[in-house]
Amino acid sequence: MKSKKAITFIIIVTVVAFQFFKASVWKRDNNILVSRVIDGDTIELSNGLRVRYIGIDTPELREKEPGGGWGYKPQPYAEEAREFNRDLVEGKYVKLESDVQKRDKYNRLLAYVYNEDMMVNLEMVRQGYAVIYTYPPNVKYSENFLEAQKQARENKKGFWSDLEENVITPYEAGDNIGLIRIVEAKVTDTYLSEKVLILNCRAKFKVVIFRNNFSLFPKEAIRSPESYFKNKTIRVY
(Lines give C-alpha, C1' and ligand atoms only; values in the text may rest on other atoms or scores of the structure.)
Protein backbone atom coordinates (compact mmCIF):
# COMPACT_ATOMS: atom_id res chain seq x y z
CA MET A 1 0.00 0.00 0.00
CA LYS A 2 2.80 2.41 0.86
CA SER A 3 4.42 1.71 -2.51
CA LYS A 4 1.22 2.56 -4.40
CA LYS A 5 0.80 5.83 -2.50
CA ALA A 6 4.36 6.81 -3.27
CA ILE A 7 3.88 6.15 -6.99
CA THR A 8 0.65 8.17 -7.02
CA PHE A 9 2.37 11.06 -5.28
CA ILE A 10 5.25 11.06 -7.77
CA ILE A 11 2.83 11.05 -10.74
CA ILE A 12 0.83 13.97 -9.35
CA VAL A 13 3.96 16.02 -8.73
CA THR A 14 5.22 15.26 -12.23
CA VAL A 15 1.94 16.36 -13.85
CA VAL A 16 1.82 19.57 -11.82
CA ALA A 17 5.42 20.35 -12.69
CA PHE A 18 4.74 19.71 -16.39
CA GLN A 19 1.71 22.00 -16.36
CA PHE A 20 3.73 24.74 -14.69
CA PHE A 21 6.49 24.39 -17.27
CA LYS A 22 3.97 24.41 -20.12
CA ALA A 23 2.35 27.61 -18.82
CA SER A 24 5.71 29.32 -18.42
CA VAL A 25 6.52 28.61 -22.07
CA TRP A 26 3.48 30.35 -23.58
CA LYS A 27 2.93 33.07 -20.97
CA ARG A 28 5.38 35.68 -19.70
CA ASP A 29 4.41 38.67 -17.56
CA ASN A 30 0.76 38.15 -18.59
CA ASN A 31 1.79 38.18 -22.25
CA ILE A 32 1.05 35.25 -24.55
CA LEU A 33 3.35 33.77 -27.19
CA VAL A 34 2.14 33.69 -30.80
CA SER A 35 3.29 30.43 -32.37
CA ARG A 36 2.16 31.18 -35.92
CA VAL A 37 0.10 33.50 -38.09
CA ILE A 38 -2.77 31.86 -39.97
CA ASP A 39 -3.62 34.84 -42.17
CA GLY A 40 -3.99 38.59 -41.93
CA ASP A 41 -6.57 38.53 -39.14
CA THR A 42 -6.08 35.19 -37.36
CA ILE A 43 -3.25 33.86 -35.22
CA GLU A 44 -2.51 30.73 -33.21
CA LEU A 45 -1.09 30.87 -29.70
CA SER A 46 1.48 28.42 -28.42
CA ASN A 47 -1.19 26.86 -26.18
CA GLY A 48 -3.12 25.87 -29.32
CA LEU A 49 -5.87 28.50 -29.10
CA ARG A 50 -6.73 30.50 -32.20
CA VAL A 51 -7.47 34.22 -32.02
CA ARG A 52 -9.52 36.22 -34.53
CA TYR A 53 -8.80 39.94 -34.57
CA ILE A 54 -11.82 42.08 -33.63
CA GLY A 55 -12.92 44.92 -35.88
CA ILE A 56 -11.07 44.07 -39.09
CA ASP A 57 -11.18 41.80 -42.11
CA THR A 58 -8.38 40.89 -44.50
CA PRO A 59 -8.41 39.24 -47.94
CA GLU A 60 -8.82 35.46 -47.87
CA LEU A 61 -6.01 33.02 -48.63
CA ARG A 62 -8.27 30.06 -49.37
CA GLU A 63 -11.47 29.48 -51.29
CA LYS A 64 -14.08 26.79 -50.81
CA GLU A 65 -14.05 24.34 -53.69
CA PRO A 66 -17.07 22.60 -55.28
CA GLY A 67 -16.06 19.31 -53.66
CA GLY A 68 -16.32 20.81 -50.20
CA GLY A 69 -12.62 21.29 -49.42
CA TRP A 70 -10.58 24.47 -49.28
CA GLY A 71 -8.07 25.32 -51.99
CA TYR A 72 -5.21 27.78 -51.76
CA LYS A 73 -6.40 30.66 -53.92
CA PRO A 74 -5.26 33.92 -52.33
CA GLN A 75 -7.22 37.07 -53.04
CA PRO A 76 -5.29 40.24 -53.92
CA TYR A 77 -3.18 41.41 -50.96
CA ALA A 78 -4.00 38.29 -48.91
CA GLU A 79 -0.39 37.11 -48.84
CA GLU A 80 0.89 40.62 -48.17
CA ALA A 81 -1.52 40.93 -45.23
CA ARG A 82 -0.34 37.62 -43.79
CA GLU A 83 3.32 38.61 -44.11
CA PHE A 84 2.74 41.99 -42.49
CA ASN A 85 0.91 40.27 -39.64
CA ARG A 86 3.83 37.87 -39.27
CA ASP A 87 6.26 40.74 -38.95
CA LEU A 88 4.14 42.20 -36.17
CA VAL A 89 3.42 39.16 -33.98
CA GLU A 90 4.79 35.76 -35.02
CA GLY A 91 7.18 34.38 -32.40
CA LYS A 92 6.46 37.34 -30.14
CA TYR A 93 4.63 37.82 -26.87
CA VAL A 94 1.38 39.77 -27.13
CA LYS A 95 -1.44 40.91 -24.87
CA LEU A 96 -5.11 40.21 -25.57
CA GLU A 97 -8.03 42.50 -24.82
CA SER A 98 -11.56 41.17 -25.15
CA ASP A 99 -14.84 42.93 -25.88
CA VAL A 100 -18.46 41.96 -25.16
CA GLN A 101 -18.53 38.80 -27.31
CA LYS A 102 -15.62 36.52 -26.36
CA ARG A 103 -15.71 33.86 -29.12
CA ASP A 104 -17.01 33.52 -32.67
CA LYS A 105 -19.06 30.70 -34.18
CA TYR A 106 -15.84 28.78 -34.89
CA ASN A 107 -14.93 28.95 -31.17
CA ARG A 108 -11.97 31.25 -31.86
CA LEU A 109 -11.10 33.84 -29.24
CA LEU A 110 -12.09 37.35 -30.32
CA ALA A 111 -9.55 39.93 -29.22
CA TYR A 112 -7.72 43.18 -29.71
CA VAL A 113 -4.09 42.10 -29.90
CA TYR A 114 -1.23 44.26 -28.62
CA ASN A 115 2.48 44.09 -29.33
CA GLU A 116 3.70 46.27 -26.48
CA ASP A 117 1.69 49.52 -26.87
CA MET A 118 0.67 48.94 -30.50
CA MET A 119 -2.78 47.51 -31.25
CA VAL A 120 -2.10 45.10 -34.11
CA ASN A 121 -5.72 45.18 -35.34
CA LEU A 122 -5.49 48.94 -35.80
CA GLU A 123 -2.07 48.82 -37.43
CA MET A 124 -3.30 46.33 -40.03
CA VAL A 125 -5.99 48.85 -41.04
CA ARG A 126 -3.67 51.87 -40.84
CA GLN A 127 -1.18 50.28 -43.25
CA GLY A 128 -3.86 49.25 -45.75
CA TYR A 129 -3.79 45.49 -45.22
CA ALA A 130 -7.24 45.24 -43.61
CA VAL A 131 -10.61 46.94 -43.83
CA ILE A 132 -12.83 47.70 -40.88
CA TYR A 133 -15.35 45.02 -39.97
CA THR A 134 -17.51 46.44 -37.20
CA TYR A 135 -19.94 43.85 -35.92
CA PRO A 136 -22.01 44.43 -32.77
CA PRO A 137 -21.61 43.98 -29.89
CA ASN A 138 -17.81 44.27 -30.29
CA VAL A 139 -17.64 47.97 -31.17
CA LYS A 140 -15.37 49.39 -28.45
CA TYR A 141 -12.87 50.95 -30.87
CA SER A 142 -15.06 51.42 -33.97
CA GLU A 143 -14.24 55.13 -34.27
CA ASN A 144 -10.51 54.42 -34.03
CA PHE A 145 -10.80 51.90 -36.85
CA LEU A 146 -12.72 54.36 -39.02
CA GLU A 147 -10.07 57.02 -38.53
CA ALA A 148 -7.28 54.54 -39.29
CA GLN A 149 -9.01 53.45 -42.51
CA LYS A 150 -9.51 57.07 -43.53
CA GLN A 151 -5.78 57.68 -43.09
CA ALA A 152 -4.88 54.56 -45.06
CA ARG A 153 -7.11 55.56 -47.94
CA GLU A 154 -5.91 59.18 -48.02
CA ASN A 155 -2.29 58.02 -47.95
CA LYS A 156 -2.95 55.25 -50.51
CA LYS A 157 -1.56 52.54 -48.25
CA GLY A 158 -1.65 48.86 -49.21
CA PHE A 159 -4.64 47.92 -51.31
CA TRP A 160 -5.89 51.53 -51.25
CA SER A 161 -3.06 52.47 -53.61
CA ASP A 162 -5.03 51.51 -56.73
CA LEU A 163 -8.60 51.50 -55.40
CA GLU A 164 -9.79 54.48 -57.47
CA GLU A 165 -8.94 52.49 -60.59
CA ASN A 166 -11.38 49.73 -59.56
CA VAL A 167 -14.80 51.40 -59.58
CA ILE A 168 -17.58 48.99 -60.60
CA THR A 169 -21.37 49.00 -60.96
CA PRO A 170 -23.82 47.00 -58.81
CA TYR A 171 -24.28 44.62 -61.74
CA GLU A 172 -20.60 43.68 -61.53
CA ALA A 173 -20.53 43.28 -57.74
CA GLY A 174 -21.37 39.57 -57.80
CA ASP A 175 -18.30 38.84 -59.93
CA ASN A 176 -16.03 40.78 -57.58
CA ILE A 177 -16.87 39.21 -54.20
CA GLY A 178 -13.80 39.13 -51.99
CA LEU A 179 -11.96 41.75 -54.03
CA ILE A 180 -11.20 45.33 -53.05
CA ARG A 181 -13.56 47.42 -55.15
CA ILE A 182 -15.59 50.62 -55.04
CA VAL A 183 -19.22 50.03 -55.99
CA GLU A 184 -20.90 53.11 -57.43
CA ALA A 185 -24.67 52.75 -57.19
CA LYS A 186 -27.90 54.73 -57.27
CA VAL A 187 -30.22 54.35 -54.28
CA THR A 188 -33.77 53.38 -55.30
CA ASP A 189 -35.36 53.23 -51.82
CA THR A 190 -34.51 52.77 -48.15
CA TYR A 191 -35.58 50.79 -45.09
CA LEU A 192 -35.04 51.97 -41.52
CA SER A 193 -35.56 50.07 -38.26
CA GLU A 194 -34.23 50.53 -34.73
CA LYS A 195 -31.24 48.34 -35.50
CA VAL A 196 -30.37 48.91 -39.14
CA LEU A 197 -30.63 51.20 -42.18
CA ILE A 198 -30.74 49.51 -45.59
CA LEU A 199 -30.09 51.32 -48.85
CA ASN A 200 -31.57 49.40 -51.78
CA CYS A 201 -29.92 49.91 -55.14
CA ARG A 202 -30.28 48.52 -58.61
CA ALA A 203 -29.30 44.93 -59.41
CA LYS A 204 -30.56 43.93 -55.92
CA PHE A 205 -27.47 45.53 -54.40
CA LYS A 206 -28.02 46.50 -50.75
CA VAL A 207 -25.97 48.61 -48.38
CA VAL A 208 -26.50 47.72 -44.70
CA ILE A 209 -25.66 50.28 -42.01
CA PHE A 210 -25.87 49.05 -38.42
CA ARG A 211 -27.17 51.24 -35.64
CA ASN A 212 -23.77 51.61 -33.98
CA ASN A 213 -22.59 53.40 -37.16
CA PHE A 214 -25.55 55.80 -37.40
CA SER A 215 -23.56 58.52 -35.65
CA LEU A 216 -21.10 58.58 -38.56
CA PHE A 217 -23.78 60.05 -40.84
CA PRO A 218 -25.51 63.45 -40.78
CA LYS A 219 -28.55 63.51 -38.50
CA GLU A 220 -30.92 64.14 -41.41
CA ALA A 221 -29.64 60.98 -43.15
CA ILE A 222 -30.92 58.85 -40.27
CA ARG A 223 -33.96 60.95 -39.43
CA SER A 224 -35.26 60.90 -43.02
CA PRO A 225 -33.16 58.43 -45.09
CA GLU A 226 -35.67 58.32 -47.96
CA SER A 227 -35.36 62.02 -48.74
CA TYR A 228 -31.62 62.06 -48.02
CA PHE A 229 -30.54 59.01 -50.07
CA LYS A 230 -33.24 58.24 -52.66
CA ASN A 231 -32.11 58.76 -56.27
CA LYS A 232 -28.63 59.76 -55.03
CA THR A 233 -25.47 58.07 -56.30
CA ILE A 234 -23.31 56.63 -53.53
CA ARG A 235 -19.94 54.92 -53.38
CA VAL A 236 -19.38 51.85 -51.22
CA TYR A 237 -16.12 50.08 -50.50
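Scroll up to find the structure this text is about.
Okay, so let's go over this structure. Treat the numbers as computed from the prediction; the structure is a model and nothing was measured. (Residues numbered from 1 in each chain as written. Predicted model: local features only at pLDDT ≥ 70, side-chain atom pairs only at ≥ 80, totals over all residues. Heavy atoms only, no water.)

A short note on helix H4 (residues 142–154)
Along its 13 residues, H4 runs 18 Å from first to last C-alpha, staying within 8% of the 18 Å computed at 1.5 Å per residue. Within H4, burial applies to Ser142, Phe145, Ala148, Gln149 and Ala152. For H4, the angular spread of the buried residues around the axis is 125°, confining them to a single face. For H4, the exposed residues lying more than 90 degrees away from the buried face are Glu143 and Glu154. Where the residues of H4 are buried, they touch strand E5 (56–57), strand E9 (109–115), strand E10 (118–119), helix H3 (120–126) and strand E11 (131–132). At the exit of H4 stands lysine 156, carrying a positive phi of roughly 55°. (Helix = DSSP H or I, 4+ residues; strand = E, 2+ residues; numbered from the N terminus. Expected span 1.5 Å × (residues − 1). Buried < 20%, exposed > 50% of the residue type's maximum accessible area, 1.4 Å probe, protein only. Arc of directions from axis to C-beta. Contact = heavy atoms within 4.5 Å.)

So, the pattern of salt bridges
For the structure on display, the rule yields 13 salt bridges. With a shortest N-O distance of 3.6 Å, aspartate 41 and arginine 52 are connected by a salt bridge. Of this pair, aspartate 41 sits in the loop between strand E2 (31–39) and strand E3 (42–45) while arginine 52 sits in strand E4 (residues 50–53), and the two are 11 residues apart along the sequence. This pair shows no difference in class: aspartate 41 is buried, exactly as arginine 52 is. With a closest N to O distance of 2.7 Å, glutamate 83 and arginine 86 form a salt bridge. (Salt bridge = Lys/Arg side-chain N within 4 Å of Asp/Glu carboxyl O.)

Thoughts on unusual backbone geometry
Note that the residue after proline 136, namely proline 137, is joined by a cis bond; omega there is 10°. When you line up the elements, proline 137 lands in the loop between E11 and H4. The phi dihedral of lysine 156 is positive, around 55°, even though this residue is not glycine. Position of lysine 156 among the secondary structure elements: in the loop between H4 and strand E12 (167–168). Taking relative accessible area as the criterion, lysine 156 reaches 48% and is therefore assigned partly exposed. Its identity as a non-glycine residue notwithstanding, asparagine 231 has a phi of 65°, on the positive side.

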